[in-house]
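Close look at the chain arrangement
Each chain, letter by letter, is given below.
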Amino acid sequence: MKRFYPFWIIDPVGTEKKIDDLSEKGYRLSDMNFFGLMSFEEAAPQKKKHCIVLEKGGLPRGAQLRGWECLCQKKLFYVAANEDASETMSYASYIKIHSYAKVAIFTVICFYIGMCAGMLGALSDMDVAVIPPEKAAELVRNIICALALIVLTVVVHMCGKKIPKEDLRLSGALKTIPAENFVYSAEEEKQMLKDGRMMKKMRPGWFYEPDRAAEYVNRQNEQGWRFYRFDAAGVTFYFVKEDAPVRQTFVVDFQGLASDEYYVTAKDDGWKLEFTSISRTMGYSIWTKLYGEDEQKPEFYSDIQSEYARAKKFLIVFGLSFLLLLLVSVSMVGIAVKIGSQGDNVAFMIYLSVIYVILVIEYGLFLSKIIGYFVRVKNKMKK
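Residues numbered from 1 in each chain as written. Predicted model: local features only at pLDDT ≥ 70, side-chain atom pairs only at ≥ 80, totals over all residues. Heavy atoms only, no water.

**Points about the overall build of the chain**
For the record, the criterion: By definition, any uninterrupted DSSP run of H or I lasting at least four residues is a helix, any uninterrupted run of E lasting at least two residues is a strand, and each is numbered from the N terminus. Relative accessibility thresholds used throughout: buried, under 20% of the residue-type maximum; exposed, over 50%; partly exposed, between the two (1.4 Å probe, protein chains only). Only the protein chains shown count as cover for residues, with accessible areas throughout obtained via the Shrake-Rupley method and a probe of 1.4 Å.
A count of helices and strands for the chain gives 9 helices and 14 strands. By the burial criterion, 40% of the 383 residues in the chain qualify as buried. Summing over all exposed atoms, the chain offers an accessible surface of approximately 21600 Å²; the carbon and sulfur share of this is 60%.

Here it is, written out as structure tokens:
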């Protein structure tokens, strides 16, 4: 029997559930190719949990000892089954692919929306009867492409919601703060702010200079203010007043992919997770750790090379994003100049160009902070 599941990479959990159902009906998976074409053979009905693991090298020895059986192995993935439904396999590769896909789709959506906005602005002053058919057709195509990509984004998001995530019990409006960090209720925090026992400071864009943010928290610690939590967006710092200076380490860690093991290892070492970005791919996590007077200041990483590698990766990723924004902005300004020279809807195109210029300036300032952070880490590594 053959079955075709071409979107298994987007929806691995849904595809695995379909294989589970077929196994219960007496069909055992015997082969699968990368495009999702699967072959099944008749067998005794069995209730098993199946996992399609996107990983090279085949089924690890440790997984075999936990009862996993490899049903089929290819160069880039393998399919395994286990009679114990409580056993799990890593979905880290899928989470990473989903994050990359969302960024790529969002970038293309912005391109099409920008094209549609420019064309609508250029055609708004024209009589409908005299709009060139090819321009109208191009506008319709751009709108359809943008809508299709928006639908694809929703589908990817919904499929991603099925993928098991680490059990962090994140809270806050954006699910970025561990629930246990909210020690006080909203009413208690409001009263503490009024009484001066709690302080909140907004610092937009601070994470582009994480070393300076750590210095800021340290200065507050010296004055007896202990870092308490962030707001949902990670922009506002909350501090609680203590009776004496506080010894607290504040660390921002940029990660290629924050896995379950990453959080478990850090917590086991005594670090407290304060905030984690919405994206797990090229996102960041913020940690604190209290230590005594007779203890050395703890370091999240024991070597400066690790911090340098993450600072470099942060600079490269943001630098490429800035370059993309710059190219789009230059294109839009060029279109504005061309349309303006023809006298068609000059005001709208000037407005659109100003928006892109402001974005470039804002992101340029952020990039300059990141470069400064990278240089400071590089200099520290040379010492």
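That was the structure; now back to the text.
**Description of the pattern of salt bridges**
Side chains bearing opposite charge may pair, as long as their charged atoms lie close to each other. Cut-off, in case you're wondering: Should a side-chain nitrogen of Lys or Arg be within 4 Å of a carboxyl oxygen of Asp or Glu, the pair is scored as a salt bridge.
Counting across every chain of the model gives 13 salt bridges. Between E274 and K272 there is a salt bridge, with its nearest N and O atoms 3.7 Å apart. A residue is classified by how much of its surface remains accessible, and E274, at 0% relative accessible area, is buried. For K272, a relative accessible area of 32% puts it in the partly exposed group.

**A few points about helix α6 (residues 210-222)**
To keep things clear, this is the line we draw: By this rule, a helix spans an expected 1.5 Å times one less than how many residues it contains.
If you check α6, its first and last C-alpha atoms are 19 Å apart, about what 13 residues at 1.5 Å a residue would give, namely 18 Å. If you check which residues of α6 are buried, you get P210, D211, A213, Y216, V217, Q220 and N221. After α6 finishes, the residue G224 shows a positive phi value of roughly 90°.

**As for the layout of surface pockets**
Our working rule: Within this scheme a cavity is a closed region of a 1 Å grid, computed over the protein atoms alone, that accommodates a 1.4 Å probe without allowing it to escape, whereas a pocket is open but has protein on both sides within 12 Å along at least five of seven lines; lining residues each have an atom within 4 Å of a point. Grid points are joined across faces, edges and corners, and a volume is the space filled by probe spheres set on the points. Domain extents, as shown, originate in an automatic or database domain assignment.
The volume enclosed by the second largest pocket comes to roughly 670 Å³. Forming the boundary of the second largest pocket are 28 residues, of which F250, V251, E299, E307 and K380 lie nearest the centre. Of all elements in the fold, only α6, β12 (248-257), α8 (304-342) and α9 (346-382) reach the threshold of two or more residues within the lining of the second largest pocket. Formed jointly, the lining of the second largest pocket draws a minimum of three residues from each of two domains, domain 3 (179-300) and domain 4 (305-382).

**Here's the deal with helix α1 (residues 12-24)**
Taking 1.5 Å per residue as the helical rise, α1 with its 13 residues ought to reach 18 Å, and the 19 Å between its terminal C-alpha atoms agrees with that figure. Buried residues of α1: P12, G14, T15, E16, I19, D20, L22 and S23, and no others. Taken from the residues just after α1, G26 is the one with a positive phi, measuring 100°.

**A word on the sheet that holds strand β5 (residues 69-73)**
Going by this rule: Two strands pair if DSSP finds at least two bridges between them. Simply put, an axis is a line fit to the C-alpha atoms, just over the touching stretch for a helix, and the angle between two N-to-C directions goes from 0 to 180 degrees.
The strand order across the open sheet built from 3 strands is β4-β6-β5, with neighbouring strands paired in antiparallel fashion. The open sheet has two edge strands with one neighbour each: β4 (49-53) and β5. Mean inter-strand twist for the sheet, computed between neighbouring axes without regard to direction, equals 20°. Examined bridge by bridge, β4 and strand β6 (residues 78-82) share 5 bridges and lie antiparallel to one another. Across the sheet, residue I52 finds its bridge partner in β6, namely V79.

**A look at the packing of aromatic side chains**
As a reminder of what qualifies: The pairing test for Phe, Tyr and Trp rings, Trp by its six-membered ring, is centres within 6.5 Å, and the orientation test on the planes gives stacked under 30 degrees, edge-to-face over 60, and tilted for anything in between. Counting as a charge over the ring demands two things of the Lys NZ or Arg CZ atom: a distance within 6 Å of the ring centre and an angle within 35 degrees of the ring normal.
Here the structure, examined in full by the defined rule, presents 31 aromatic pairs. Note on W8 and F77: the rings are 5.1 Å apart at their centroids and 50° apart in plane angle, and the pair reads as tilted. Placement of the pair is W8 in the loop between β1 (2-4) and α1 and F77 in the loop between β5 and β6, with a sequence separation of 69 residues. With a centroid separation of 5.1 Å and an interplanar angle of 70°, the aromatic rings of W271 and F300 are classed as edge-to-face. Placement of W271 in the loop between α7 (260-268) and β13 (272-276) and of F300 in the loop between β14 (281-290) and α8 is noted, with a sequence separation of 29 residues between them. An identical accessibility class is assigned to W271 and F300; each is buried. In this structure, R203 is placed above the aromatic ring of Y216, and the distance from its NZ or CZ to the ring centre is 4.0 Å. Over the aromatic face of Y238 sits the side chain of R229, whose NZ or CZ is 4.1 Å from the ring centroid.

**Comments concerning a nonpolar patch on the surface**
Heads up, the condition is: What makes a patch is a set of residues exposed beyond 30% relative accessible area and free of salt bridges, joined within 9 Å when like-charged and within 5 Å when nonpolar (Val, Leu, Ile, Met, Phe, Trp, Tyr).
A cluster of nonpolar side chains, contributed by I316, L320, L323, L326, L327 and V330, occupies part of the molecular surface with about 550 Å² of accessible area. Relative to the assigned elements, V330 resides in helix α8.

**Some words on the nonpolar core**
As a rule of thumb, soluble globular proteins bury nonpolar side chains together. Under the convention used in this document: What is meant by a nonpolar core is a set of buried Ala, Val, Leu, Ile, Met, Phe, Trp, Tyr and Cys residues, joined one to another through side-chain atoms within 4.5 Å. Pairs of residues are marked as contacts when any of their non-hydrogen atoms sit within 4.5 Å.
Counting residues in each nonpolar core, the largest one holds 33 residues, and the members touching the most others are W206, F230, F237, F239, F250 and I286. Taken together, the elements giving at least two residues each to this core come down to α6, β10 (225-230), β11 (236-241), β12, β14, α8 and α9. A domain-level breakdown of this core finds at least three residues from each of domain 3 (179-300) and domain 4 (305-382). What F230 contacts, discounting residues up to four positions off in sequence, is I177, W206, V235, T236, F237, Y238, F250, E274, F275 and I286. Counting 28 residues, the second largest nonpolar core, distinct from the first, contains M32, L59, A63 and V79.

**A look at the environment of Y112**
The topology assignment puts Y112 in helix α3 (residues 92-123). Along the chain, Y112 and N142 lie 30 residues apart, while their C-alpha atoms are 5.8 Å from each other. Beyond its immediate sequence surroundings of up to four residues, Y112 is in contact with N142, C145, A146 and L149.

**Brief notes about the side chain of N221**
For the record, the criterion: In the analysis that follows, any N or O atom pair within 3.5 Å is treated as a polar contact, provided that within protein one partner can donate a hydrogen and the other can accept it, and provided that, for residues neighboring in sequence, both atoms belong to side chains.
Along the polypeptide, N221 turns up in helix α6. Overall, the relative accessible area of 0% leaves N221 in the buried class. Among the polar contacts listed, one links the side chain of N221 to the backbone oxygen of W225, at a separation of 2.8 Å. Setting aside residues no more than four positions away along its own chain, N221 makes contact with R226, F227, P245, V246 and Q248.

**Comments concerning the environment of T249**
Along the chain, the position of T249 falls in strand β12. Leaving out residues up to four positions away in the same chain, T249 has contacts with W271, W287, T288, K289, Y291, K297 and P298.

**Topic: the pairing of β10**
Buried residues dominate β10, accounting for 6 of its 6 residues. Pairing of β10 with β11 involves 5 bridges; the strand directions are antiparallel. Residue F230 lies in a different strand from β11, and its bridge partner there is F237. Taking the residues that link successive antiparallel strands as the turn, the β10-β11 hairpin has 5 residues, and the phi of G234 there is positive, at about 75°.

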